[in-house]
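The residues making up each chain are set out below.
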Amino acid sequence: MAVNDIYDLIVIGAGPGGSAAAIKAAKAGLKTLIVEKDSIGGTCLNCGCIPTKALLHSSGIYRQAAGASAFGINCKPEIDESAIAEYRDKTVNSLVDGLRASLKASGAEVIFGTASIVSAGDTVTVSVTNSEGLSEYRAKNLILATGSETIIPDIPGVELDVVTDSDRLLKAAKLPESLVIIGGGVIGTEFASFFTDLGRKVTIIEGLPRILSGFDKEISRNAQMILKKRGADIHTGSRVTAISKAEDGSAVVVFETDGSENSVTAEAVMIAVGRKAVIELPDELGIKLKDGRIDTIGPGRTSVKNIFAIGDITSGQQLAHKASAQGENVVAGILDEDSYVCDEIIPACVYTSPEIACVGMTESEAEAAGIDVVSARALTSANAKSVLTGEERGFVKLVADRSKGILIGAQLMCANATDMIGELALSMSNAIVTIDDLNIVRAHPTYEEAIGDALKLLKQKM
Ligand code: NAD
């Protein structure tokens, strides 16, 4: 066991947050080590955002091809599951290779193994265990970026082999013909969108009164309506009481809704009730936690001065782009630079069809905060691009502070929403941009014109 040179920075976890931090630090000339116990890219690249979006891309093409006769193209698409898996894996591998190359080009040293904090003080000592044994490394600064894992609820039968989670389903060679999803949050609805696109039977069982409960009510309502129209069964306000395996190998899920018991059978059950932070810290370090996450202030500062935390282990939304921004900002702080990215305005996107993208406050959150709020919603049913591409009914909703004349939130549910949210986030990150400044000429025909329509409606109400 050799104690090596002192690094300026050690990063534990090479997901989007840890990698962004290590790349920025190494490029700036800091002697940087990043330790990963599994695969470069973390959840996002390997078993989260990227493989999910690849699957949704395949299923979206299938749905569009199946409906192509409406546009004068007659075809009968067929699903080739192994080709879908091959495309998914090729996409993941290409992005993982790209990230590995970026880390190498930055000059950051990468070590595979399980890292643990040994001690902290003016320098932090970290041990790394891998097939070569145990090594110790010291650094002036440490960033924890260890991510999250699926929460497994305490339900009888949850350990059965018919029960899976998104991490495992996203690596599966064969997809189930029918699926019960426990939890109608972001993961639950994205998977429901994928499976219903492919014509597979999906049942969502959600504990709260609506799916996507963290989003604007109208988004929840629309998402539920569209998924139902595509064949999903959705049981809200429901509690799963048991999972068992029938003689034919299928899963039987028993659940209660309003005191009455129901059951549903499917090939597999997916747990999607949230993700918990992966935090293993020696108690004597005294790093403060809040609701199971590391309590941070400023750019990733923990209660220990040279230990920082970013990404899913910190409070708030668990999003890859937020983790990357936090990572870059922590390194900017170590370098004594101004914050690198504005990480206060963070868009949240759901890649269902139609897409959902939100930023800032909803109308009810703004009301609860005592803001003089005004909102307007433009339906996309009159948007030329949406009409010509045959999109589902969608909308753009804008929320403004009447007295300041600025945008404070936006909720979009329409084609390309996840690309359109950027201009609204930009205007909110720069509070000198008023509602009037947003009234630019938008190209015709574009989905973006719906933002212009919503602005006109908003202006009438200001
Ligand atoms: P989530 O918090 O979005 O949703 C979990 C849902 O499960 C909630 O609606 C909750 O009410 C419900 N639930 C909890 N316990 C239940 C129970 N026993 N029975 C029935 N329902 C129950 O969590 P998730 O969907 O697992 O996603 C985890 C995290 O990953 C989220 O923070 C999410 O933002 C992130 N994520 C983001 C994206 C994206 O940005 N597109 C995609 C996937 C995941």
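The structure presented is a predicted model; accordingly, all values stated were derived computationally and were not measured. (Residues numbered from 1 in each chain as written. Predicted model: local features only at pLDDT ≥ 70, side-chain atom pairs only at ≥ 80, totals over all residues. Heavy atoms only, no water.)

Concerning the overall build of the chain
Next, step 1: Assigned secondary structure in the chain consists of 12 helices and 24 strands.
Next, step 2: A compact globule built from 462 residues would reach a C-alpha radius of gyration of about 23 Å, and the chain, at 24 Å, matches this within 12%.
Next, step 3: If you line up the chain on its principal axes, its C-alpha atoms span 65 × 65 × 45 Å.
Next, step 4: Considering the chain as a whole, with its 462 residues, one finds that 51% of them fall into the buried category.
Next, step 5: Taking as baseline every contact in the chain between residues at least 6 positions apart, the subset at least 24 positions apart corresponds to 62%. (Helix = DSSP H or I, 4+ residues; strand = E, 2+ residues; numbered from the N terminus. Rg over C-alpha atoms; globule rule 2.2 N^0.38 Å. Buried < 20%, exposed > 50% of the residue type's maximum accessible area, 1.4 Å probe, protein only. Contact = heavy atoms within 4.5 Å.)

Here's the deal with the side chain of Thr362
Next, step 1: Its location among the elements puts Thr362 in the loop between strand E21 (355-360) and helix H9 (363-368).
Next, step 2: Beyond its immediate sequence surroundings of up to four residues, Thr362 is in contact with Asp216, Val399 and Gln411.

Here we look at the site of the ligand
Next, step 1: The environment of the ligand is made up of 19 residues, and the closest members are Ile187, Glu190, Glu206, Gly274 and Cys349.
Next, step 2: Glu190 has a polar side-chain atom sitting 3.0 Å from a nitrogen atom of the ligand.
Next, step 3: Between an oxygen atom of the ligand and a side-chain N or O atom of Gln318, the distance comes to 3.3 Å.
Next, step 4: Starting from 850 Å² of accessible surface for the ligand in isolation, the protein chains cover 75%.
Next, step 5: Residue contributions to the shell around the ligand peak at three residues, all from helix H6 (residues 186-197).
Next, step 6: Both domains that meet at the shell around the ligand, namely domain 1 (2-149 + 276-334) and domain 2 (163-273), each give it at least three residues. (Near = heavy atom within 4 Å. Polar contact = N/O pair within 3.5 Å; in protein donor to acceptor, adjacent residues only side chain to side chain. Areas by Shrake-Rupley, 256 points an atom, 1.4 Å probe, with all protein chains shown as cover. Domains from an automatic or database assignment.)

Focus on the pattern of salt bridges
Next, step 1: A complete count under the given rule lists 25 salt bridges for this structure.
Next, step 2: Residue Glu81 is joined to Lys174 by a salt bridge in which the shortest nitrogen-to-oxygen separation is 3.9 Å. Within this pair, whereas Glu81 is found in helix H4 (residues 81-106), its partner Lys174 is found in the loop between helix H5 (166-169) and strand E9 (178-182), the two being separated by 93 residues in sequence.
Next, step 3: As a salt-bridge pair, Arg88 and Asp89 come within 2.9 Å of each other at their nearest N and O atoms.
Next, step 4: Residue Arg88 is classed as buried on the basis of its relative accessible area, which comes to 3%.
Next, step 5: Overall, the relative accessible area of 34% leaves Asp89 in the partly exposed class. (Salt bridge = Lys/Arg side-chain N within 4 Å of Asp/Glu carboxyl O.)

Points about the environment of Lys217
Next, step 1: Within the secondary structure layout, Lys217 lies in helix H7 (residues 217-229).
Next, step 2: With a relative accessible area of 57%, Lys217 lands in the exposed category.
Next, step 3: Separated by 26 residues in the primary sequence, Lys217 and Phe191 have C-alpha atoms spaced 20 Å apart.

Some words on the packing of helix H3 (residues 49-66) against H6
Next, step 1: At a minimum axis distance of 8 Å, the contact between H3 and H6 shows a crossing angle of 35°. As H3 runs across H6, the sense of the crossing is left-handed. Seen from H3, the contacting residues are Thr52, Lys53, Leu55, Leu56, Ser59, Gly60, Tyr62 and Arg63; seen from H6, they are Glu190, Phe191, Ser193, Phe194 and Asp197.
Next, step 2: Residues that form the contact of H3 with H6 fall into these classes: five nonpolar, four polar and four charged. (Axes fitted to C-alpha atoms, helices over the stretch in contact; angles between N-to-C directions. Left-handed = near helix turned anticlockwise from the far one by under 90°. Nonpolar A, V, L, I, M, F, W, Y, C, P; charged D, E, K, R; others polar.)

A short note on the packing of aromatic side chains
Next, step 1: Scanning all chains against the criterion turns up two aromatic pairs.
Next, step 2: When the ring of Phe194 is compared with that of Phe195, the centres are 5.1 Å apart and the planes differ by 80°; the resulting orientation is edge-to-face.
Next, step 3: In this structure, Lys31 packs its charged tip against the face of Tyr7, placed 4.4 Å from the ring centre. (Phe/Tyr/Trp six-rings, centres within 6.5 Å; stacked < 30°, edge-to-face > 60°. Lys NZ or Arg CZ within 6 Å of the ring centre and 35° of its normal.)

Some words on the nonpolar core
Next, step 1: The biggest cluster of nonpolar side chains holds 32 residues, and the ones touching the most others in it are Ile181, Phe195, Ile204, Ile219 and Ile356.
Next, step 2: Listed by contribution, the elements that provide at least two residues to this core are H3, E9, H6, strand E10 (201-205), H7, strand E15 (268-271) and E21.
Next, step 3: Every residue in contact with Ile219, bar those within four places of it in the chain, is listed here: Leu212, Ile356, Cys358, Phe395, Gln411, Leu412 and Met413.
Next, step 4: Core analysis: the second largest hydrophobic core is formed by 28 residues, Val396, Cys414, Ala417 and Ile435 among them. (Core = buried A, V, L, I, M, F, W, Y, C linked by side-chain atoms within 4.5 Å.)

Points about helix H11 (residues 417-429)
Next, step 1: The end-to-end C-alpha separation of H11 is 18 Å, in line with the 18 Å expected for 13 residues at 1.5 Å each.
Next, step 2: Along H11, the residues that are buried comprise Ala417, Thr418, Met420, Ile421, Glu423, Leu424, Ala425, Ser427 and Met428.
Next, step 3: The inward-facing, buried residues of H11 contact strand E20 (348-350), E21, strand E23 (395-401), strand E24 (406-414) and helix H12 (449-461). (Expected span 1.5 Å × (residues − 1).)

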